[in-house]
Amino acid sequence: MPDRRQLLSLGASPLFTRAHAAAPPASGSQLIASRLESRRGPIDFQLYLPPGHEPATTQRYPLLLLLHGRGDNMSAWTRVRDVLDRMIAAAEIPPLIAVMPDAPWSRRGSYYVDSAHVEGAPVESLLLDELLPHVEAMWPVRQEREFRVVGGYSMGGYGAVRFALARPQTFGAAIVLSPAIYTPLPPAGSSAREFGAFGRGHTRFVDALYQAGNYPALLAARPGSSPALRLFIAAGDQEYTHPNPADAAHDIDQEAHRLYSRLRREPSCAAALRILDGGHDWPVWQPAFREGLHWCAHRLAWQAAEATKPVV
């Protein structure tokens, strides 16, 4: 396996500076496992609360929604806890709250869409119309799109792209890691065809449903007055290589570059692409997440005092 290397730009200066060196907060960050019994079914999730957070706080924090990949669960993203702690302590980002939902629907292959398959579930609606309002009611998060970022890897990368495009009033930016965003259709054997996310009735995969929900169609339908898009995209240089040469265009590093190429031609869109040394795994996703969050915070112009303004 090839050696991994860090992204070159991780040594950039912090966005937020202080008069003195940053000291660790008196209390550390917290991870809370919780469940919402929504009207459409239960939703399990993990919540990251930043160092120094107190239940009676008068502050409102930026919100980060993190979507896991196929086969994983809500614990997968908890490995970035230390990354968030260090970035906050160094004033690279303001304190924030992160929500890490579980996606077990259709054997953990939901692709974060509202499925019409008999075994599917309205996953997008569950997370955005049920879970997010619950988080807003229970924890002190900002509700403006400029203080909300969605991130995901693999299947979750597909979800992050979709949420950013389909819900432009909800998220100001997206961190898209090794996204499973096959165009125009997934290759044979792709899990996108297996779980019913893009199916109807007893049919597990319907070409037209997949194409209608993927980013080319969403971008084509995007009004000229839509708010700005900001997407940070990353993949590994050792992503899975499809053995059939006819499917080479579906290698995820190529799909990531195609997404970036399309977005950089989109009006009012800022996009970045990074290719790291590594495969479809956390040695790529963890450093890419760190740079991606730094990039999004900069593009969203988060300021330490403004990002956590008091409740009024």
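For the structure itself, consult the block above.
All of these numbers come straight from a predicted model, not from anything done at the bench. Residue positions within a chain follow its written sequence, with the count starting from 1. Whole-chain, interface and lining totals are the exception, using all residues; otherwise, since this is a predicted model, local features are given only for residues with pLDDT of at least 70 and side-chain atom pairs are given and counted only at 80 or more. Calculated side-chain values reflect all of the structure's heavy atoms, with hydrogen atoms and water omitted.

J.: Quick one: what's the story with the sheet that holds strand 9 (residues 229-236), residue by residue and with numbers?
T.: Spatially, the 8 strands line up as an open sheet ordered 1-2-4-3-6-7-9-10, and their pairing is mixed. Looking at the sheet topology across the chains shown, the edges are occupied by strand 1 (30-38) and strand 10 (269-276). Sheet twist, expressed as the average angle between the axes of neighbouring strands with direction ignored, equals 20°. The sheet contact formed by strand 3 (residues 63-67) and strand 6 (residues 148-153) spans 5 bridges and is parallel. Only strands that DSSP links by at least two bridges are regarded as paired with each other. The secondary structure listing takes helices from DSSP runs of H or I that are at least 4 residues long and strands from runs of E that are at least 2 residues long, numbered from the N terminus. Here an axis means a line fitted to C-alpha atoms, over the contact stretch when the element is a helix, while the angle between two N-to-C directions is reported on a 0 to 180 degree scale.

J.: Let's hear about helix 1 (residues 81-89): which residues, and what values?
T.: Within the span of helix 1, buried status applies to Val-83, Leu-84, Asp-85, Met-87 and Ile-88. If you follow the buried residues of helix 1, they end up packed against strand 2 (41-49), strand 3, strand 4 (97-101) and helix 8 (282-299). Immediately downstream of helix 1, the backbone of Ala-91 shows phi near 60°, a positive value. Exposed residues in this analysis have more than 50% of their type's maximum accessible area, buried residues have under 20%, and partly exposed residues fall in between, with area computed by a 1.4 Å probe over protein chains only. Throughout, a contact is declared for two residues whenever any of their heavy atoms are within 4.5 Å.

J.: Report on the environment of Ile-88, specifying residues and quantitative values.
T.: Along the chain, Ile-88 falls in helix 1. Separated by 37 residues in sequence, Ile-88 and Pro-51 place their C-alpha atoms 8.2 Å apart.

J.: Requested: an account of the packing of aromatic side chains, with residues and values cited.
T.: When two rings of Phe, Tyr or Trp (its six-membered ring) have centres within 6.5 Å they constitute a pair, described as stacked for plane angles under 30 degrees, edge-to-face for angles over 60, and tilted for the intermediate range. Applying the stated criterion to the full structure yields 18 aromatic pairs. An angle of 75° between the planes, with centres 4.9 Å apart, marks the rings of Phe-198 and Tyr-210 as edge-to-face. Here the residue Phe-198 occupies a position in the loop between strand 7 (173-177) and strand 8 (200-201), and Tyr-210 occupies one in helix 5 (residues 207-213), the gap between them amounting to 12 residues. In this structure an aromatic cluster arises from ring pairing among Trp-77, Tyr-153, Trp-282, Trp-285 and Phe-289. In this scheme, the term charge over a ring applies when either NZ of a lysine or CZ of an arginine sits within 6 Å of the ring centre and within 35 degrees of the ring normal. We note Arg-193 situated over the ring of Phe-205; from NZ or CZ to the ring centre the distance is 4.5 Å.

J.: Pulling in residues and values, what's your account of the layout of surface pockets?
T.: The space that makes up the largest pocket amounts to roughly 470 Å³. Together, 24 residues line the largest pocket, and Arg-70, Tyr-182, Ser-191, Ile-252 and His-280 are the ones closest to its centre. The nonpolar class holds Ala, Val, Leu, Ile, Met, Phe, Trp, Tyr, Cys and Pro. Asp, Glu, Lys and Arg form the charged class, and all remaining residues, Gly among them, are polar. The class makeup of the residues in the lining of the largest pocket is 10 nonpolar, 8 polar and 6 charged. A cavity here means a set of 1 Å grid points, computed over protein atoms only, where a 1.4 Å probe fits but cannot escape. A pocket is an open set with protein on both sides within 12 Å along at least 5 of 7 lines, and lining residues have an atom within 4 Å of a point. Grid points are joined across faces, edges and corners, and a volume is the space filled by probe spheres set on the points. Its volume calculated, the second largest pocket comes out at about 180 Å³. Taken together, 13 residues make up the lining of the second largest pocket; nearest its centre are Val-113, Asp-114, Ala-197, Phe-198 and Leu-209. Mapped by element, the contributors of at least two residues to the lining of the second largest pocket are helix 4 (155-166) and helix 5. Of all the elements, helix 5 adds the most residues to the lining of the second largest pocket, at 3 residues.

J.: Go over the pairing of strand 9 with me, naming the residues and quoting the values.
T.: When a strand is regular, its side chains alternate between the sheet's two faces. For strand 9, a buried count of 8 out of 8 residues is recorded, marking the element as mostly surrounded by other parts of the structure. With burial as the criterion, each face of strand 9 is covered, one bearing Leu-229, Leu-231, Ile-233 and Ala-235 and the other bearing Arg-230, Phe-232, Ala-234 and Gly-236. Across 4 bridges, strand 7 lies against strand 9 in parallel orientation. Among the inter-strand pairings, Ile-175 is bridged to a residue of strand 9, identified as Phe-232.

J.: An account of the packing of helix 1 against helix 8 is requested, with residue identities and associated values reported.
T.: The angle between the axes and the distance between the axes are what describe a pair of packed helices. At a minimum axis separation of 10 Å, helix 1 and helix 8 run at an interaxial angle of 35°. Here the hand of the crossing between helix 1 and helix 8 comes out right-handed. For the pair helix 1 and helix 8, the contacting residues are Val-83, Leu-84 and Met-87 in the first and Gln-286, Phe-289, Arg-290, Leu-293 and His-294 in the second. When the residues that make up the contact of helix 1 with helix 8 are grouped by side-chain class, the tally is 5 nonpolar, 2 polar and 1 charged. Note on convention: the crossing is left-handed when the near helix lies turned anticlockwise from the far helix by less than a right angle, right-handed when the turn is clockwise.

J.: I'd love a proper account of the environment of Arg-230, names of residues and values included.
T.: Along the chain, the position of Arg-230 falls in strand 9. For the pair Arg-230 and Arg-299, spaced 69 residues apart in the sequence, the C-alpha separation amounts to 7.4 Å. Those residues in contact with Arg-230 that sit more than four places away from it in its chain are Arg-145, Glu-146, Gly-172, Ala-173, Ala-174, Ala-270, Trp-295, Arg-299 and Leu-300. Pairs of N or O atoms are called polar contacts if they sit within 3.5 Å, as long as, within protein, a hydrogen donor faces a hydrogen acceptor (for residues adjacent in sequence, only side-chain-to-side-chain pairs). Reaching out from Arg-230, the side chain makes a polar contact with the side chain of Glu-146 at a distance of 3.2 Å. Polar side-chain contacts of Arg-230 include one of 2.9 Å to the backbone oxygen of Gly-172.

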